[in-house]
Protein chains: 2
Amino acid sequence: MSQFATIIDVAGRAGVSPSTVSRAFNHPRLLRPETVQRIHDIAQELGYIPNRHAKALSTGRTGAIGIVVPDITNPFFPPIIRQAQRVSEAMSYGVLVAESDNDPEREARQIEQLVPQVDGLILASPRQADEALVRTASSTRCVFLNRDVQGTARVLLSSGSALHTALGDLSAEGVVRVCYVGGPHRSWSNGERQEVVVQRGHELGMEVSLLQTTNGTYGEARDLAVNVVRAGAQAVIAFDDVVAHGILDGILASGARVPGEIRVLGCDDALPIQTHPRLSTIDMHGPLGVDRAMHMLLEAPGYPVPEERVVLQGQLQYRETT
Amino acid sequence: MSQFATIIDVAGRAGVSPSTVSRAFNHPRLLRPETVQRIHDIAQELGYIPNRHAKALSTGRTGAIGIVVPDITNPFFPPIIRQAQRVSEAMSYGVLVAESDNDPEREARQIEQLVPQVDGLILASPRQADEALVRTASSTRCVFLNRDVQGTARVLLSSGSALHTALGDLSAEGVVRVCYVGGPHRSWSNGERQEVVVQRGHELGMEVSLLQTTNGTYGEARDLAVNVVRAGAQAVIAFDDVVAHGILDGILASGARVPGEIRVLGCDDALPIQTHPRLSTIDMHGPLGVDRAMHMLLEAPGYPVPEERVVLQGQLQYRETT
DNA sequence: CCTTGACATGCAAACGCTTGCATGCCAGCG
DNA sequence: CGCTGGCATGCAAGCGTTTGCATGTCAAGG
């Protein structure tokens, strides 16, 4: 708010032209080393900080990237945002965070807002239809996290392999009736998980039933638990850890024993706390995923971001509920 | 990344000057209503989006506010960030989020980075020394959340009143030995909570012991639990819900019964899940707090933000651990 | 019919920075 | 000793907006 020193102040004090100061920061090798040094010293002394907006206006690059997530209070996302910021910081970019609240239209608006003020976009678990996303991808530098949009740059955190072996293990223990409790139905992860459970379950001769929450909250899941008990499921695989805990709570309340009578497997492993019994889950390596995504976004200078499809497999964490 | 329509394109198409287009958006009452309408229509059609950077450069206001938090993965903060974004959105501001990682120096750097690119700053639970914060406050429009910096605008989410009655209730139940398990020691909230527990405890003739985590993580707290058991505490009051759950876990593992032998009270009530037994805690109304803070920040146009000290009391949520 | 305002709009400078081009200097070469 | 070319730096235009001031028009009033 107060007056900041400008490039012109620095130039005046150093007895050089503004362009020289600019070059001292952006193309130092064009200048005599001692000039660069002197300018840096004076800049430091004056507390000069380049004005991002002026720079952006002049170069057409904003020096910021945007990340939009469906729900910032879902513990899966904060570590992802954190990692995005770490990478950005290392490359001296800023980060704009937006939340779509699981609403495709809101998501569209957020993206629209963001696009003109960033050099690139990370769209994490987007909720819009593929069609809209393809359009976005074609007019913006962006990479998707957890959404398999054809022809774009995307990184997918897959639970496929982990679920595959988990179901195998359950089957080996004699489990025959398994229930998948889904999360937000526009979620790619949810689709993938449900599909794997159904397919692999059938392969193993299991009887698989499906339940669905609408928002994936703890309360919803807890209320759903009676249904899994009633259905006689011997194992439930939940969309994520929040849903898993809701189910777990509901099951325990109904008097069934976990894992004795019913096993529970969650997903994400992002909760800051453990519970009793400690939840078995799948570590999805969210931060690793954004890390890849960020590098894809920032290292290819061209436009659009070249198509690439990287799949990272989550890792089974057996604890006490299986 | 592609070319956006500029004010000049719109002007050309509408047969008016660029300044008129600018006024159509910013001071429509200076123009004939039909002119405004025509310009809006054409802008819409051309997909014109004002360039924030140009605007910022020209007006000196960036149209963004910044919020810095110590740890985005602490469930207390995401709802706060969300609310800050909601308010910002309503006033058509953008939000820059930064994380200090509980490190005062990092926090200083983040603030320094942010200052030139925002119109105001929300500093949530800052970790720097008062001195540094005073300096920041004097050179920037900012309001503090959960830090009582003299002479500045600040909103404090206090657990004082809730703890006061909680201790009274415990005392009435015959509790004599109480233990406070602290969180990050640079945290104002931690200081307040500890102080209230000590004072009120003594008032009630209790014996209060103090334990301290360094980062307030679940694992640390769990490892500390043996000490509270060993000390013979009949109640533990924890810095926040994460610490409380760690303690709870540790206590249960040691064989003691909760709340039978030891009661546990947490703080924040921000976890997305419930556990068994359900944790008694204090709802701190974080979102309400930022809401106030944001309005203080955005509604007083002057500089600096006028001093104000608003205290919001948290609300006791008795559940099953007391 | 001329004057006076009010009103609607245009003009041009300014915001702070980047960058293509121009300039001036000096060393080395023929 | 005059050229050439490389190097370090300056000049000025341009990025997209905003806004104080100037301009032109028209209606009402004298």
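Note that this is a predicted model, so its numbers are computed, not measured.

Asker: How do you make sense of the sheet that holds strand β9 (residues 263–265) of chain B when you look at a structure like this?
Answerer: Two modes of strand pairing occur in sheets, parallel and antiparallel, and in both the strands are linked by backbone hydrogen bonds. Residue and element names in this part refer to chain B. Read from one edge of the open sheet, four strands run β7-β6-β8-β9, paired in parallel fashion. Both outer strands of the open sheet, β7 (207–212) and β9, are each paired with one neighbouring strand and no more. Shown here is a sheet whose adjacent strand axes are inclined to one another by a mean of 20°, direction ignored. Two elements, strand β8 (residues 235–238) and β9, share three bridges in a ladder whose sense is parallel. Along β9, the bridge assignment pairs I237 with L265. Seen against the sheet, helix α8 (residues 160–172) touches β6 (177–182), β8 and β9 and runs at an angle of roughly 170° to β8. Contacting β6, β7 and β8, helix α9 (residues 188–203) runs over the sheet at an angle of about 160° to β7.

Asker: Any chance you could explain the protein's contact with DNA strand C here in plain terms?
Answerer: Inspection of the region around DNA strand C gives 26 residues, with I7(A), S22(A), Y48(A), S58(A) and T20(B) positioned closest. Among atoms of DNA strand C positioned within 4 Å of the protein, sugar and phosphate together represent 67%. Interatomic distance of 2.4 Å between a backbone N/O atom of I7(A) and a phosphate oxygen of DNA strand C. Between DNA strand C and S58(A), the relevant distance is 2.6 Å, taken from a sugar or linking oxygen to a side-chain nitrogen or oxygen of the residue.

Asker: Is there a simple way to explain the environment of A235(A) in this structure?
Answerer: All names here are of chain A. By secondary structure assignment, the location of A235 is in strand β8 (residues 235–238). Along the sequence, A235 and Y180 sit 55 residues apart, while their C-alpha atoms lie 8.7 Å from each other. When near neighbours in sequence (up to four residues on either side) are disregarded, A235 contacts L170, V175, R177, V178, C179, I262 and R263.

Asker: I'm lost on the sheet that holds strand β9 (residues 263–265) of chain A in this one. Help?
Answerer: Residues and elements named next belong to chain A. What the four strands build is an open sheet, ordered β7-β6-β8-β9; its pairing is parallel. A single partner strand is all that each edge strand has here, and the edge strands are β7 (207–212) and β9. Averaged over neighbouring strand pairs, the angle between their axes works out to 20° when direction is ignored.

Asker: I keep staring at the interface of chain A and chain B and nothing clicks. Help me out?
Answerer: Contacts between the two partners involve 52 residues from chain A and, on the opposite side, 51 residues from chain B. Where chain A abuts chain B, roughly 4,500 Å² becomes buried across the two surfaces, and 60% of that area is made up of carbon and sulfur atoms. Between the two partners, chain A and chain B, sit eight salt bridges. Inspection of the chain A/chain B interface yields 17 residue pairs in polar contact (both at pLDDT 80 or more). Breaking the side of chain A that touches chain B down by element, the ones donating at least two residues are α4 (52–59), α5 (77–90), β2 (94–99), α6 (104–114) and α11 (241–253) of chain A. Of the residues forming the side of chain A that touches chain B, the biggest block, seven residues, is contributed by α5(A).

Asker: What's the story with the domain arrangement of chain A in this structure? I'm lost.
Answerer: One widely used convention gives an interface's size as the accessible area the parts lose upon coming together. What the domain assignment lists for chain A is domain 1 (7–50), domain 2 (64–156 + 286–311) and domain 3 (160–283). The C-alpha-based centres of domain 1 of chain A and domain 3 of chain A are spaced at 61 Å.

Asker: Just to check I follow, could you spell out the protein's contact with DNA strand D for this structure?
Answerer: If you check the shell around DNA strand D, you find 27 residues, and the closest are T20(A), R23(A), I7(B), S22(B) and S58(B). Backbone atoms, meaning sugar plus phosphate, form 65% of the atoms of DNA strand D positioned within 4 Å of the protein. Within the side chain of Y48(B), an N or O atom sits 3.0 Å from a phosphate oxygen of DNA strand D. Within the contact set of DNA strand D, a base nitrogen lies 3.4 Å away from a backbone nitrogen or oxygen of A54(B). The set of elements that each furnish at least two residues to the surface near DNA strand D consists of α2 (18–26) and α4 of chain A together with α2 (18–26) and α4 (52–59) of chain B. Considering only residue class, the surface near DNA strand D consists of nine nonpolar, 14 polar and four charged.

Asker: Hey, could you run me through the packing of helix α5 (residues 78–90) of chain B against helix α12 (residues 286–299) of chain B in this one?
Answerer: All names here are of chain B. Running from N to C, α5 and α12 point in directions that differ by 40°, and their axes come no closer than 8 Å. When the axes of α5 and α12 are compared, the crossing they make is right-handed. Residue-level contacts link P79, I80, Q83, A84, V87 and S88 of α5 to G286, P287, V290, D291, M294 and H295 of α12.

Each value, and the rule that gives it
- Residues numbered from 1 in each chain as written.
- Chains lettered and ligands numbered in written order.
- Predicted model: local features only at pLDDT ≥ 70, side-chain atom pairs only at ≥ 80, totals over all residues.
- Heavy atoms only, no water.
- Pairing = 2+ DSSP bridges.
- Helix = DSSP H or I, 4+ residues; strand = E, 2+ residues; numbered from the N terminus.
- Axes fitted to C-alpha atoms, helices over the stretch in contact; angles between N-to-C directions.
- Contact = heavy atoms within 4.5 Å.
- Near = heavy atom within 4 Å.
- Polar contact = N/O pair within 3.5 Å; in protein donor to acceptor, adjacent residues only side chain to side chain.
- Buried area = accessible area lost by both parts, 1.4 Å probe.
- Salt bridge = Lys/Arg side-chain N within 4 Å of Asp/Glu carboxyl O.
- Domains from an automatic or database assignment.
- Nonpolar A, V, L, I, M, F, W, Y, C, P; charged D, E, K, R; others polar.
- Left-handed = near helix turned anticlockwise from the far one by under 90°.

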